[in-house]
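Residue strings, one per chain:
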Amino acid sequence: MYPPLPPPAPHRDFISVTLSLGQSYDGSKSWRRRSCWRKWKQLSRLQRNVILFSLTFLMLCGFLSYISVADQWTAVDGRSAEEQKTRPADPPVLPAPQKADAHPENMQGALPQKPQRHFRRGPPNLHLRAPGKDSEDPRQGDTKRRDEARTVVSWRGAVIEPQPGTELPSRKAEAPARPSSQAPRIQNPAASPNERQRAVIDAFRHAWAGYRKFAWGHDELKPVSRSFSEWFGLGLTLIDALDTMWILGLKKEFEEARKWVSKKLRFQKDVDVNLFESTIRILGGLLSAYHLSGDELFLRKAEDFGNRLMPAFQTPSKIPYSDVNIGTGAAHPPRWTSDSTVAEVTSIQLEFRELSRLTGSKKFQEAAEEVTRHVHSLSGKKDGLVPMFINTHSGLFTHMGVFTLGARADSYYEYLLKQWIQGGKQETQLLEDYLEAIEGIRRHLLRRSEPRKLTFVGELAHGRFSAKMDHLVCFLPGTLALGAHHGLPADHMELARALMDTCYQMNRQMETGLSPEIVHFNLYPQNDHKDVQVKPADRHNLLRPETVESLFYLYRLTGDRKYQDWGWEILQSFNTYTRVPSGGYSSISNVQDPLNPQPRDKMESFFLGETLKYLYLLFSDDPDLLSLDTYVFNTEAHPLPIWAPPREV
């Protein structure tokens, strides 16, 4: 037996209490921080690194965004203040555009103008006293304030800093400015727009309505699809048409476009532009708008843009690259070659020279004129005719032995004469090169067709003649006539008349009355052949201005009204075969098919900038409306003043 167990001890409950000296859990932040730190330490090293990298990246992005936004607002505020400070008290203003018709809405939104002593109705009498240091210029008393108000055009945010020689705009005169020109004031009032001019105004308004509705602020209208296309993204059509609107007296449209330039046109953007095309259209358009309106906004924009084009000249040979990025300053040749075309590098001088004259910064003129001098000194020409290409590294002509007055060479010859005229007929080298080239054309490129004996300009390739003529060559009659007007041999005018007849026939012999892009002339007597023949790939029409450009010069300088009648026929053809009902005009693919001309759905900016402008001037009987003794037109039809000859001491 086992002894009995002792009675169980009484059950006791215990409570365990943990004492915390000086601290307790009360939801405090210090406790949460220790908890977060414990969780952080529990993460792997990789996880911690990823989190740290993400936070750093977000902070950096936020910081950069803040700087960018601050810069933009500072720039906007600065420009607003600048426009108020730099608006001249009495700018060199031409008479404001007069109303194009009797509608009251056309008088709204007009730029404020000083009342003119001689009020003119109808088309403006566009004469100016161009700003210059040697004349009594209303801008002179305002120059110092403008220097102080306009610090610089900001290049902040650009990928690279400006290179030496591409300094920011400055109003300090680096060299004496060219003497300014002063157009005489015309006392007789001008007549109101005539019937044909009103038809041009109607065509412009129709084209502008399509652009405004479907492509506002973009480069070009696509009228058929009611959309737009971009080339540079700089409102190309709008800038190209500024001076046309002023000349046509379209106040409301001009003021609306001016507001877009003021508020929306910004050149600080990462985009490549073609040096030649952007110079003649944008720089030329802004300079012309400044001269006609007297509005300093356009000159400031022109100077900003001119500075951004300057890196294109930084090549081993000083022959500029074809393309330049206006945001980064990086310039380069086309992707497929290191060559530039001769026409492009020699057809920017009018604009760059005028920009230097207005700003007092000689770098623009020096860069452009160095190209002219270099081309003058090159071998490889044929009696003044130049090849089509030039290498930017060696500075030498390439693709030797091919000579044309069409694409890639045309405006070289035009700018020889026009620079000589612009400079007051002082630069004899330009005149000599031009005269030699005209003789080279006569000797090597001029032929007559069969059966109508039309005089035309062909092409020469390694000694072999081609009866091919671009529509672009139809600039030549007007250029020859302009030279004859300024004292060159009278036989230049005779050749101008003969070539004008040919260019008219290039339009007349097509079923639509519109010229194709390229024609070939028949050289052999055959009864069943026309003088003008067209290949299927060449029968498109791009709304080009060259024929009506030369018609303007021929009528202005001869007074022969047949040239007005020919221009009227062409305008009617444009209205019949290229006008799009919803707004705008479209280039067409087949000028030989009036039933189906095949719209290409594109309205080039030069239709408003050149074609309609020249038609309006052609139909004017006022020789003082942009007098050819006062203005010279750039190759995009933007009028720039002729410089007065230097004063004799």
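All figures in this text were calculated on a predicted structure; none of them were measured in a lab.

Caption draft 1: Quick look at the sheet that holds strand β4 (residues 323-325). The three strands are arranged β3-β4-β5 in an open sheet whose pairing can be described as antiparallel. The open sheet is flanked by β3 (272-274) and β5 (331-332), the only strands paired with a single partner. In this sheet, β4 lies alongside β3 in antiparallel orientation, the contact comprising three bridges. Paired with Asn274 across the two strands is Asp323, which belongs to β4.

Caption draft 2: Just the UniProt feature "binding site: Ca(2+)" (unreviewed entry) in the protein chain, in detail. UniProt annotation of "binding site: Ca(2+)" (unreviewed entry) refers to Thr635 when read in the numbering used here. Mapped onto the secondary structure, Thr635 falls in the loop between β17 (631-633) and β18 (639-641). Non-local contacts of Thr635, meaning those with residues more than four positions away in its chain, are made with Phe276, Ile280, Ser411, Glu414, Tyr415 and Glu610. Separated by 3.0 Å, the side chains of Thr635 and Glu414 make a polar contact.

Caption draft 3: Seen up close, the nonpolar core. In terms of nonpolar packing, the biggest core is built from 153 residues, with Leu242, Phe352 and Leu405 touching the most fellow members. Here this core takes 10 residues from helix α8 (residues 275-293), the largest share from any one element. Setting aside residues up to four positions removed in sequence, Leu242 forms contacts with Phe254, Ala257, Val261, Ala289 and Phe298.

Caption draft 4: Up close: the layout of surface pockets. For the largest pocket, the calculated volume is near 1200 Å³. Trp231, Asn274, Phe276, Glu277 and Glu344 are, among the 43 residues lining the largest pocket, the residues nearest its centre. Of all the elements in the fold, those that place two or more residues in the lining of the largest pocket are β3, α8, β6 (339-341), α10 (342-345), α13 (410-422), α17 (546-558) and α19 (605-618). Per element, the largest residue contribution to the lining of the largest pocket is four residues, and it comes from α8. Considered class by class, the residues forming the lining of the largest pocket number 13 nonpolar, 10 polar and 20 charged.

Caption draft 5: Molecular detail of the UniProt feature "active site" (unreviewed entry) in the protein chain. If you check UniProt for "active site" (unreviewed entry), the listed places come out as Glu277, Asp410, Glu517 and Glu546 in our numbering. Of the residues annotated just before, the largest pocket has Glu277, Asp410, Glu517 and Glu546 among its lining. Note that Asp410 resides in helix α13. Residues within four places of Asp410 in sequence aside, it is in contact with Ala343, Leu405, Leu472 and Phe475. Given the relative accessible area of 9%, Glu546 is considered buried. Residue contacts for Glu546: discarding those within four places in its chain leaves His471, Leu472, Cys474 and Phe475.

Caption draft 6: Molecular detail of the state of the cysteines. Within this structure, the stated rule accounts for one disulfide. Put simply, Cys474 and Cys503 are joined by a disulfide, and their sulfur atoms are 2.1 Å apart. The S-S bond linking Cys474 to Cys503 shows a torsion near -105°; that makes this disulfide left-handed. Taken together, the positions of Cys474 in the loop between β14 (468-470) and α15 (476-485) and Cys503 in helix α16 (residues 491-508) put the pair 29 residues apart, joining distant regions of the chain. Overall, the relative accessible area of 0% leaves Cys474 in the buried class.

Caption draft 7: Region of the structure containing the environment of Thr372. You can see Thr372 is positioned in helix α12 (residues 363-377). In sequence terms Thr372 and Gln429 are 57 residues apart; their C-alpha atoms lie 9.9 Å from each other. Apart from the residues lying within four places of it in its own chain, the contact partners of Thr372 are Gln349, Gln419, Gln429 and Leu430. A distance of 3.5 Å separates polar atoms of two side chains, one belonging to Thr372 and the other to Gln349.

Rules used in this analysis
- Residues numbered from 1 in each chain as written.
- Predicted model: local features only at pLDDT ≥ 70, side-chain atom pairs only at ≥ 80, totals over all residues.
- Heavy atoms only, no water.
- Pairing = 2+ DSSP bridges.
- Helix = DSSP H or I, 4+ residues; strand = E, 2+ residues; numbered from the N terminus.
- UniProt positions renumbered as here; feature names shortened; annotations may be inferred.
- Contact = heavy atoms within 4.5 Å.
- Polar contact = N/O pair within 3.5 Å; in protein donor to acceptor, adjacent residues only side chain to side chain.
- Core = buried A, V, L, I, M, F, W, Y, C linked by side-chain atoms within 4.5 Å.
- Buried < 20%, exposed > 50% of the residue type's maximum accessible area, 1.4 Å probe, protein only.
- 1 Å grid on protein atoms, 1.4 Å probe; cavity = no way out; pocket = protein on both sides within 12 Å on 5 of 7 lines; lining within 4 Å.
- Points joined across faces, edges and corners; volume = space filled by probe spheres on them.
- Nonpolar A, V, L, I, M, F, W, Y, C, P; charged D, E, K, R; others polar.
- Disulfide = S-S within 2.5 Å.

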